[in-house]
Amino acid sequence: MNWDDTTDTDATGERLVDSVADREDQAVEAALRPKDLGEFIGQEKVREQLDLVLRAARARGATADHVLLSGAPGLGKTTLSMIIAAEMEAPIRITSGPAIQHAGDLAAILSSLQEGEVLFLDEIHRMSRPAEEMLYMAMEDFRVDVIVGKGPGATAIPLELPPFTLVGATTRAGLLPPPLRDRFGFTAHMEFYEPAELERVVHRSASLLDVEIDPRGAAEIAGRSRGTPRIANRLLRRVRDYAQVKADGLINKDIAAAALAVYEVDSRGLDRLDRAVLEALLKLFGGGPVGLSTLSVAVGEERETVEEVAEPFLVREGLLARTPRGRVATPAAWAHLGLTPPRSGAPGNGQGNLFGA
């Protein structure tokens, strides 16, 4: 690879700061995942509460309550599901909502479960409605009704299920219907990580990957990881590559900063797309307000890309605000890009309000 050719994507073409796992992430995460709650870093309240739920279930000799984990991608929902299975000394079955499009798909999975088995259902909010309604009875009564035949001659055959634990994961808990949410005995929301927690994640991953890193190097990576362990591990791998090619393999602050500059990930975790949105908003439209469609054209991206990929992080970082009149840059955005806001009433200030959203 030519290190002079800067890019904000990794070898798969995905954004380096994307919190959704690619194939390389999935392979590496299998080796990096903690095996028990004591080894899991961050999410202190969730870990404490979940530990009580699992210890109580083991003491009763019963299966654990159904668990719903919500939060952004990359925060550890899949890892926690595997830890639940390990803590309960039970096998785990992994599937996802989009893979279950018919009630029969779910019935086939449920009928093959062993007693005490953990069923991890990722993106549970994307499951089909017929399968969702079947899941209600399965979670509450450990029973499903299998329909045989069609029309007036159709017959419902009750099928008893062994007790099991459903672990549902969702990035959009608001899309779950109340009857489904109410059937979970324990619900937890995964928060974004603090930099100090991500430093611990980076140190642990570096040890497992046999990468030499000093505290300031770990802090540099953690500070650009958007509060997400998956991104921290991905940045660590890219910095490791740079350190092996351009240095002696040791990751310190300067090496980490130089490596991430190559990949266009700045000190706050913004990449090329994020900065392009801010620069268009500030330089072309005086900080806004400007409509989303106009901003998308200025950036050269699809409207959905700007709205769903770039904006959530910019809003969370306090760099951009969504208003009824359009997108508006905050003082922090001007400061981050080293630009001076135009004087109130100056030409070009707020011209974006002429454009539709």
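Quick caveat, the model's predicted, so the values are computed rather than measured.

Parameters at a glance
- Throughout, residues of each chain are indexed from 1 in the direction in which the sequence is written.
- Totals for whole chains, interfaces and linings use all residues, but because this is a predicted model, local features are given only for residues with pLDDT of at least 70 and pairs of side-chain atoms are given and counted only at 80 or more.
- As a rule here, side-chain values come from all non-hydrogen atoms in the structure, and water together with hydrogens is ignored.
- Pairing of aromatic side chains here covers Phe, Tyr and the six-membered ring of Trp, requires ring centres within 6.5 Å, and sorts the geometry by plane angle: under 30 degrees stacked, over 60 edge-to-face, intermediate tilted.
- In this text, helices come from DSSP runs of H or I with a minimum length of four residues, and strands from runs of E with a minimum of two, each type numbered from the N-terminal end.
- The criterion for a charge sitting over a ring is simple: Lys NZ or Arg CZ within 6 Å of the ring centre, and within 35 degrees of the ring normal.
- Type-normalised accessible area, obtained with a 1.4 Å probe on protein chains alone, sets the label of each residue: buried when under 20%, exposed when over 50%, and partly exposed for intermediate values.
- Should any heavy atoms of two residues lie within 4.5 Å, those residues are considered in contact.
- Strands pair, by our definition, only if DSSP identifies at least two bridges between them.
- Axis definition: a line fit to C-alpha positions, over the contact stretch in the case of helices; interaxial angles, taken between N-to-C directions, run 0 to 180 degrees.
- Residues grouped as a nonpolar core are buried Ala, Val, Leu, Ile, Met, Phe, Trp, Tyr and Cys residues, joined through side-chain atoms within 4.5 Å.
- The pLDDT score gives, residue by residue, the confidence of the prediction method on a 0 to 100 scale.
- Angle categories: roughly parallel below 35 degrees, roughly antiparallel above 145, roughly perpendicular from 65 to 115, and oblique for all the rest.
- Crossing handedness follows the turn of the near helix against the far one: under a right angle anticlockwise gives a left-handed crossing, and clockwise gives a right-handed one.
- Under the grouping applied here, Gly and all other residues not named as nonpolar or charged are polar, the nonpolar ones being Ala, Val, Leu, Ile, Met, Phe, Trp, Tyr, Cys and Pro and the charged ones Asp, Glu, Lys and Arg.

## Some thoughts on the packing of aromatic side chains
- Applying the stated criterion to the full structure yields 1 aromatic pair.
- Where F142 meets F164, the ring centres are 5.5 Å apart and the plane angle is 80 degrees; that geometry is what we call edge-to-face. Here F142 is found in the loop between α5 (129–141) and β4 (143–148), whereas its partner F164 is found in the loop between β5 (155–160) and β6 (165–170), with 22 residues between them in sequence.
- A cation over a ring is seen here: R226 above F313, with NZ or CZ 3.9 Å from the ring centre.
- The ring of F192 has R316 lying over it, and the distance from NZ or CZ to the ring centre is 3.6 Å.

## Re helix α3 (residues 77–87)
- In terms of burial, α3 is largely enclosed, as 9 of its 11 residues are buried.
- Listed as buried for α3 are K77, T78, T79, L80, S81, I83, I84, A85 and E87.
- Next to the buried residues of α3 lie α2 (44–60), β1 (67–70), β2 (92–96), β3 (118–122) and β6.

## A look at the sheet that holds strand β7 (residues 186–189)
- One open sheet holds the 5 strands; their spatial order is β2-β3-β6-β1-β7, and the pairing between them is parallel. Both edges of this open sheet fall to β2 and β7, since each of them pairs with a single strand only. Ignoring strand direction, the axes of neighbouring strands in this sheet form an average angle of 15 degrees.
- Pairing of β1 with β7, which is carried by 4 bridges, proceeds in the parallel orientation. Its bridge partner lying in β7, S70 is registered against H189.
- In the packing of α3 onto the sheet, the strands contacted are β1, β2, β3 and β6, and the crossing angle to β3 comes to about 175 degrees.

## Some points on the nonpolar core
- Residues L50, L80, I213, I221 and I251 are the most contacted members of the largest nonpolar core, which totals 52 residues.
- Per-element tally for this core: the top contributor is helix α9 (residues 229–246), with 7 residues.
- Of all hydrophobic cores here, the second largest spans 24 residues; its members include I100, L135, L166 and L176.

## Some points on the pairing of strand β8 (residues 320–323)
- Bridge count between β8 and strand β9 (residues 326–329): 4 bridges; the pairing is antiparallel. Counterpart to T323 in the pairing with β9 is G326.
- Counting the residues that bridge the hairpin from β8 to β9 gives 2 residues.

## Structural notes on the confidence of the model for the protein chain
- Confidence along the protein chain averages 84 in pLDDT terms, with 86% of residues attaining 70 or more.
- Low confidence marks residues 1–13, where pLDDT is under 50. Its contacts with residues over four positions away, or in another chain, come to 30 contacts.
- Long-range and interchain partners of residues 345–357, a stretch whose pLDDT sits below 50, account for 29 contacts in this model, where long-range means more than four residues apart.

## Notes on the packing of α2 against α3
- Look at α2 against α3: their axes get within 10 Å of each other, and the N-to-C directions meet at 30 degrees. With respect to α3, the element α2 is oriented roughly parallel. The interaxial crossing formed by α2 with α3 has right-handed handedness. Seen from α2, the contacting residues are V46, L50, L54 and R58; seen from α3, they are L80, I84 and E87.
- Taken together, the residues of the contact of α2 with α3 sort by class into 5 nonpolar, no polar and 2 charged.

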